Amino acid sequence: MELSWANKARIAAAATLGILVIGVLAWPLAVPDDPLAPVRSARIGFLGTLVLLALAFVTGLAGYFLTWPHGREIAILAVPCGLAVWVLRSGPMQALTQAYTAPAARQALLHSLRFEPVFWLTIVAAGFAGVLVAQHLRPGPGTLLTVSLLKSYLRPHVALTGVAALILGTLLAHFCLGVFAQDISAATTGAATQPSIGQVITAGIAAFAVAGFAIKKFFDLSYVWTAATSVLVIPFSYSYYGRSETVARFAETYPAVFFPHAVFAILPLQIVALGAIGSVLGYWLAVRYDFWRKHEAKA
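Residues numbered from 1 in each chain as written. Predicted model: local features only at pLDDT ≥ 70, side-chain atom pairs only at ≥ 80, totals over all residues. Heavy atoms only, no water.

## Quick word on helix α15 (residues 268-294)
Its 27 residues give α15 an end-to-end C-alpha distance of 38 Å, which sits within 8% of 39 Å, the value for a rise of 1.5 Å per residue. When the local axis directions of α15 are compared, the greatest deviation, roughly 25 degrees, occurs at G275. (Helix = DSSP H or I, 4+ residues; strand = E, 2+ residues; numbered from the N terminus. Expected span 1.5 Å × (residues − 1). Bend = angle between axes of the 7 residues up to and from the residue.)

## Some remarks on a nonpolar patch on the surface
Together, F46, L47, L50 and V51 make up an exposed nonpolar region whose accessible area comes to about 430 Å². Here L50 is to be found in helix α3 (residues 45-66). (Patch = residues over 30% accessible without salt bridge, like charges linked within 9 Å, V, L, I, M, F, W, Y side chains within 5 Å. Areas by Shrake-Rupley, 256 points an atom, 1.4 Å probe, with all protein chains shown as cover. Salt bridge = Lys/Arg side-chain N within 4 Å of Asp/Glu carboxyl O.)

## Overview of empty space enclosed by the protein
Scanning the model with the defined rule gives one cavity of 30 Å³ or more in all. Forming the boundary of the largest cavity are T97, R106, L110, V247, F250, F258, F259, P260 and F264. When grouped by side-chain class, the residues that make up the lining of the largest cavity number seven nonpolar, one polar and one charged. (1 Å grid on protein atoms, 1.4 Å probe; cavity = no way out; pocket = protein on both sides within 12 Å on 5 of 7 lines; lining within 4 Å. Points joined across faces, edges and corners; volume = space filled by probe spheres on them. Nonpolar A, V, L, I, M, F, W, Y, C, P; charged D, E, K, R; others polar.)

## Some words on the packing of aromatic side chains
Enumeration over the complete set of coordinates arrives at 12 aromatic pairs. Ring plane angle 70 degrees and centroid distance 4.9 Å describe the contact between Y240 and Y241, whose orientation is recorded as edge-to-face. Aromatic rings pair up to connect W27, W86, F119 and W120 into one cluster. Taking the ring centre of W5 as reference, the NZ or CZ of K8 above it sits at 4.2 Å. Between R243 and the ring centre of Y240, over which it is positioned, the NZ or CZ distance is 5.7 Å. (Phe/Tyr/Trp six-rings, centres within 6.5 Å; stacked < 30°, edge-to-face > 60°. Lys NZ or Arg CZ within 6 Å of the ring centre and 35° of its normal.)

## Looking at unusual backbone geometry
Most peptide bonds take the trans form, and the phi angle of most residues other than glycine is negative. Cis geometry is found at the peptide bond from W68 to P69, where omega equals 10 degrees. Mapping P69 onto the fold places it in the loop between α3 and α4 (71-74).

So, to be careful, I would describe these as geometric facts and stop short of saying anything about function.
Now the structure itself:
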């Protein structure tokens, strides 16, 4: 079950489209006043959000036709790849902790970041909506919304299964981010330090790939569920490690590059954009693994 050169070209085309439309064209909507500052959703504003949602929708729509007949599986990567450009151009979390040194200010900062992933996931979802609309306009081979597919969403205990998948995905992503985004030189201090952007990208994609693989294997659910966990990782980590006394201790006794957990050193934009890419990767790795077990392992 090898990835054909044609599909590799389709993936590259979807990524390029997202990079050009979201990563480059839409960048002025989010560019911080300070070039060293992180990208925050509050910078975009209401009008900018509407424009960004429209661009994400159009990107998903166009990406579907660009990568047809496999647009449903490939075009969903366009918007996350575009946001990944913002990940590269954004300043680190360290810039925020250096600006908010007082314990109360640091606590307020963490509170403002807690639900910001919802904003970024909404942008990703707008791109996915564009893909679904395009699929309705021109269904690809084997992608029609059949009765059997509808029944799969209405199967018994689907709600309980979904909740269990979200819990498992959140815990796995949280744990893997703590491992992959941990600076080895600071591991003995019991605190995480600000990782490099390359390490953030590797950790974000790998952590959600692990979660996506597990959710597909154990619950047979799609990457949509894994991507949804990206809005839960930060609130979970902040609730567990971000108690007021912990935040105060770090603000008063540690330099701004130290954090209670590696998740604190990763921006919401980075969690969601890289998480969406990793979710898709992990899902298809699980599909390929199942294919290998059923066919190649018997040879």
